[in-house]
Amino acid sequence: MRATSISTSVEIALRCVGIWPGLSYGTVSYFLYMISLVFALYFQYVYIFDHFDASNISNLIDALSITLAYSFGFFKLISLWSNRRLFHYIKISIEEDWNNVDDHDKSVSYVMVSNADLSRRCSNTLISIHAAATICYSVANLIQLEFKDNFNVSSRALPVKMEFPFEIDSSPLFEFLVVGQMFHMASIAVLVATIDCLVITLVLHVSGQIDILRQELLTLVTHSDKISQCDSIFASIRILINRHQRIILFSSSIEELYSDIALMQFMSNTIVICCIGFTIIDSLAKEGVTAMLKSAIFYVAVTLEAFIFCFSGEYLSAKSKSIGDAVYQTLWYNLTPAQCRILLFVILRSQKRLTITAGNIMDLSLVGFTSMMKASASYMSVLHAMY
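Our subject in this report is the structure included herewith. A quick note: this is a predicted structure, and the numbers were derived from the prediction, not measured. (Residues numbered from 1 in each chain as written. Predicted model: local features only at pLDDT ≥ 70, side-chain atom pairs only at ≥ 80, totals over all residues. Heavy atoms only, no water.)

1. A closer look at the pattern of salt bridges
Right, so step 1: One pass over the structure, following the stated rule, counts nine salt bridges.
Right, so step 2: Residue Glu96 pairs with Arg246 through a salt bridge whose shortest N-O separation is 2.9 Å. You can see Glu96 sitting in helix α4 (residues 84–99) and its partner Arg246 sitting in helix α7 (residues 230–285), a full 150 residues away along the chain.
Right, so step 3: Judged by its relative accessible area of 34%, Glu96 is partly exposed.
Right, so step 4: A salt bridge links Asp363 to Arg353, with the nearest nitrogen and oxygen atoms 2.9 Å apart. Taken together, the residues Asp363 in strand β2 (residues 362–363) and Arg353 in the loop between α9 (337–350) and β1 (357–358) connect sequence positions ten residues apart.
Right, so step 5: On the basis of relative accessible area, Asp363 is assigned to the partly exposed category, the value being 30%. (Salt bridge = Lys/Arg side-chain N within 4 Å of Asp/Glu carboxyl O. Helix = DSSP H or I, 4+ residues; strand = E, 2+ residues; numbered from the N terminus. Buried < 20%, exposed > 50% of the residue type's maximum accessible area, 1.4 Å probe, protein only.)

What follows is the structure in structure tokens.
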């Protein structure tokens, strides 16, 4: 296993798009990919404006859901690129934490390795789900359109709705565009999943540091400690306070890196989940199993994306509050009053929760996820009633 918390799949995806720190070709790769996204978004919005017809609102919302997902993925990449120096600092901090692991301390090594292994499994699973969801969506959409038109070459439609300034019905141009759309859609889905995997990795890493701090707090003092060991106790407390401060700074860096991304996440998921939910309801009544299947897979992927952010914020908050409990569970009554007063400040500081906010407006939590799902369901019911 590599001595890092960031999985290989996340590193490869960030290297391909040029966001990984220290790449000589990073700027060129990033701008080339963003230019391709700009062209894709342009043709998608042209299609929406040209087919803005209230009588065919199902087709309009289907196209709008994919376009919005593309758009917010585009803005997430811009936000991550603008904070690439902060990401570089976070990467260096992770490497320092791994370099400070003592091979002889099995408990610390176990915590670090177990959290890194969990982040790798989560990353590989999420990237696979997002890639499979986009491929299934494209294939199901293509099959649905082909059967709907009875394989009529003159009325062929692409799986991702775009309006090009030239005819696309002839072969092999149509097949080339289909493969290109599927590849491009899978790439943006993998990159969006990578951003989600990165926040899971960072939260699990800082949670592992909190677990290590809690272990050291619980073993700070034993029944055999005497007042004569006052200097060594003070030195240990000083080390623990420095570790706690390092955890706070690392969490602040995660908050700064993901605050704008989380705000875009809430805005996009509320609208996209509403659109996809409306498409599922409409497909049940009109278009059949194929249309429902393609929308259901997409719905699961988008909902899972929102849940990851909210669960990460909730998990980080719960872990940060456990520091104060660990201090209270130490044998503080064996310490001097001066030492107890120092630990009291640690308890006070741990009462201020470490969390991730959505644009400094609201904390990411499971309560926020429930509110977002309720809002999406409300908008979906209103839209369905109007339709």
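2. With respect to the environment of Glu314
Right, so step 1: Structurally, Glu314 can be placed in helix α8 (residues 289–329).
Right, so step 2: For the pair Glu314 and Asp363, spaced 49 residues apart in sequence, the C-alpha separation works out to 8.5 Å.
Right, so step 3: Polar contacts involving the side chain of Glu314 include one to the main-chain amide nitrogen of Leu366, which spans 3.2 Å. (Polar contact = N/O pair within 3.5 Å; in protein donor to acceptor, adjacent residues only side chain to side chain.)

3. Topic: a nonpolar patch on the surface
Right, so step 1: Nonpolar side chains collect at one region of the surface, where Val28, Phe31, Leu32, Ile35 and Phe39 lie side by side and expose about 520 Å² of accessible area between them.
Right, so step 2: By the secondary structure assignment, Phe39 is in helix α2 (residues 26–50). (Patch = residues over 30% accessible without salt bridge, like charges linked within 9 Å, V, L, I, M, F, W, Y side chains within 5 Å. Areas by Shrake-Rupley, 256 points an atom, 1.4 Å probe, with all protein chains shown as cover.)

4. Concerning the packing of helix α1 (residues 8–17) against helix α6 (residues 173–218)
Two numbers describe a pair of packed helices, the interaxial angle and the distance between the axes.
Right, so step 1: Where α1 meets α6, the axes come as close as 10 Å, and the angle between the chain directions of the two elements is 125°. By the angle between their directions, the pair α1 and α6 is classed as oblique. Relative to α6, α1 is oriented so that their crossing is left-handed. Along its contact with α1, which presents Val10, Ala13, Leu14 and Val17, the element α6 presents Val190, Leu191, Thr194, Cys197 and Leu198.
Right, so step 2: Residues belonging to the contact of α1 with α6 are distributed by class as follows: eight nonpolar, one polar and no charged. (Axes fitted to C-alpha atoms, helices over the stretch in contact; angles between N-to-C directions. Parallel < 35°, antiparallel > 145°, perpendicular 65-115°, else oblique. Left-handed = near helix turned anticlockwise from the far one by under 90°. Contact = heavy atoms within 4.5 Å. Nonpolar A, V, L, I, M, F, W, Y, C, P; charged D, E, K, R; others polar.)

5. As for the packing of aromatic side chains
Right, so step 1: This structure, assessed with the given rule, holds 13 aromatic pairs.
Right, so step 2: Ring geometry for Phe31 and Trp81: centres 6.1 Å apart, planes at 75°, overall edge-to-face. Of the two residues, Phe31 is situated in helix α2 and Trp81 in helix α3 (residues 57–82); the sequence distance between them amounts to 50 residues.
Right, so step 3: Phe31 gets classed as partly exposed once you look at its relative accessible area, which sits at 44%.
Right, so step 4: Among the aromatic side chains, those forming a connected cluster through ring pairs are Tyr42, Phe43, Phe164 and Phe166.
Right, so step 5: Directly above the aromatic system of Trp81 lies the positively charged group of Arg84, at a separation of 4.1 Å from the ring centroid. (Phe/Tyr/Trp six-rings, centres within 6.5 Å; stacked < 30°, edge-to-face > 60°. Lys NZ or Arg CZ within 6 Å of the ring centre and 35° of its normal.)

That is the geometry; function is a separate question.
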